[in-house]
Amino acid sequence: MEVNISDAEMVVMRVVWSLGQATVADVEAQVASRHDWSLPTIKTLLGRLVKKEMLSTEKEGRRFIYQATLSECDAIRLMSQELLDKVCQTKQGQLLGDMIDQAKLSETDVELLIEQLKAKKTDNDISCSCLEDSKSCQCQHVLLAG
């Protein structure tokens, strides 16, 4: 499954994940103060997410209840893998380092990352994945000795 959603759709997904399930009115109440979105815009975003199979919908009386088809953690895992797949293998470590630098992390988060790095098996077969013929690749690869 691919998590190919826009920034606006991600805002809606975060509302649904936070509430567990949501109606159009619930989403509107959560985003109204931060975004200048009309009710039709919110309905369009919800409809797109249903089409993309990120949300399921169930009719309850005259309203629809929306639920995520994927947990937030699973979606983050998929988005992380999609991002790594877009980056040259030789630069994935740099990407992770940059993300760590930019992230707001608690002491517990840092301890978890340290444990994960200690347990991580290294791969000595990292090579350029930008082009089929990596000898003609012009990106500036920097492989640091581990």
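If you're wondering where the values come from, they're calculated on a predicted model, not measured in any experiment.

Novice: An account of the overall build of the chain is needed here, citing residue identities and associated values.
Specialist: Tallying secondary structure elements over the chain gives 6 helices and 2 strands in all. Seen in sequence order, the chain has helices and strands lined up from the N terminus as α-α-α-β-β-α-α-α. Within the chain, buried positions represent 21% of all 146 residues. Intrachain contacts of the chain at a sequence separation of at least 6 include 55% that bridge at least 24 residues. Here the chain has roughly 11100 Å² of accessible surface; of this, 50% comes from carbon and sulfur atoms.

Novice: Tell me about the environment of L45, and name the residues and values.
Specialist: Relative to the helices and strands, L45 resides in helix α3 (residues 39-51). Considering only alpha carbons, one finds L45 and S6, 39 residues apart in sequence, at a separation of 9.4 Å. The contact partners of L45, leaving out residues within four places of it in the chain, are A8, E9, V12 and W37.

Novice: Tell me what's going on with a nonpolar patch on the surface, and back it up with residues and numbers.
Specialist: Taken together, the side chains of I100, L105, V110 and I114 define a hydrophobic patch exposed on the protein surface, amounting to about 290 Å² of accessible area. Tracing the backbone through its elements, the reader meets I100 in helix α5 (residues 92-102).

Novice: Pulling in residues and values, what's your account of the pairing of strand β2 (residues 63-68)?
Specialist: Relative to β2, strand β1 (residues 55-60) is paired through 6 bridges, and the arrangement is antiparallel. Bridge pairing in β2 places L55 opposite A68. The turn joining β1 and β2, which pair antiparallel and follow one another in sequence, is formed by 2 residues; a positive phi near 70° is taken by G61.

Novice: Describe unusual backbone geometry, listing the residues and the values that go with them.
Specialist: Note: most peptide bonds trans; most residues except glycine with negative phi. Residue E53 is not a glycine yet carries a positive backbone phi of 60°. Mapped onto the elements of the fold, E53 is located in the loop between α3 and β1. For E53, a relative accessible area of 56% puts it in the exposed group.

Novice: Tell me about helix α1 (residues 7-19), and please be specific about residues and values.
Specialist: It helps to recall that an α-helix has 3.6 residues per turn; residues three or four apart then point in one direction. Taking 1.5 Å of rise per residue, 13 residues should cover 18 Å, and α1 covers 19 Å from first to last C-alpha, within 8% of that figure. Within the sequence span of α1, burial applies to E9, V12, M13, V15, V16 and W17. Looking at the buried residues of α1, the elements they touch are α2 (24-31), α3, β1, β2 and α4 (72-86).

Novice: Describe in detail the nonpolar core, supporting the description with residues and values.
Specialist: Of all hydrophobic cores here, the largest spans 20 residues; its most connected members are M13, V27, L46, L49, M54 and L55. Put simply, the parts of the chain that give this core at least two residues each are α1, α2 and α3. A per-element tally of this core places α1 first, with 5 residues. Each residue touching L49, except ones within four places of it in the same chain, is listed here: I5, E9, V12, M13, M54 and L55.

Novice: So what's going on with the pattern of salt bridges? Residues and values would help.
Specialist: This model, assessed by the stated rule, comprises 4 salt bridges. A salt bridge links K52 to E9, with the shortest nitrogen-to-oxygen separation between them at 2.9 Å. In this pair, K52 is assigned in the loop between α3 and β1 and E9 in helix α1, connecting sequence segments 43 residues apart. In this structure E9 comes out as buried when scored by relative accessible area, which is 1%.

Reading guide: rules and limits
- Residues numbered from 1 in each chain as written.
- Predicted model: local features only at pLDDT ≥ 70, side-chain atom pairs only at ≥ 80, totals over all residues.
- Heavy atoms only, no water.
- Helix = DSSP H or I, 4+ residues; strand = E, 2+ residues; numbered from the N terminus.
- Buried < 20%, exposed > 50% of the residue type's maximum accessible area, 1.4 Å probe, protein only.
- Contact = heavy atoms within 4.5 Å.
- Areas by Shrake-Rupley, 256 points an atom, 1.4 Å probe, with all protein chains shown as cover.
- Patch = residues over 30% accessible without salt bridge, like charges linked within 9 Å, V, L, I, M, F, W, Y side chains within 5 Å.
- Salt bridge = Lys/Arg side-chain N within 4 Å of Asp/Glu carboxyl O.
- Pairing = 2+ DSSP bridges.
- Expected span 1.5 Å × (residues − 1).
- Core = buried A, V, L, I, M, F, W, Y, C linked by side-chain atoms within 4.5 Å.

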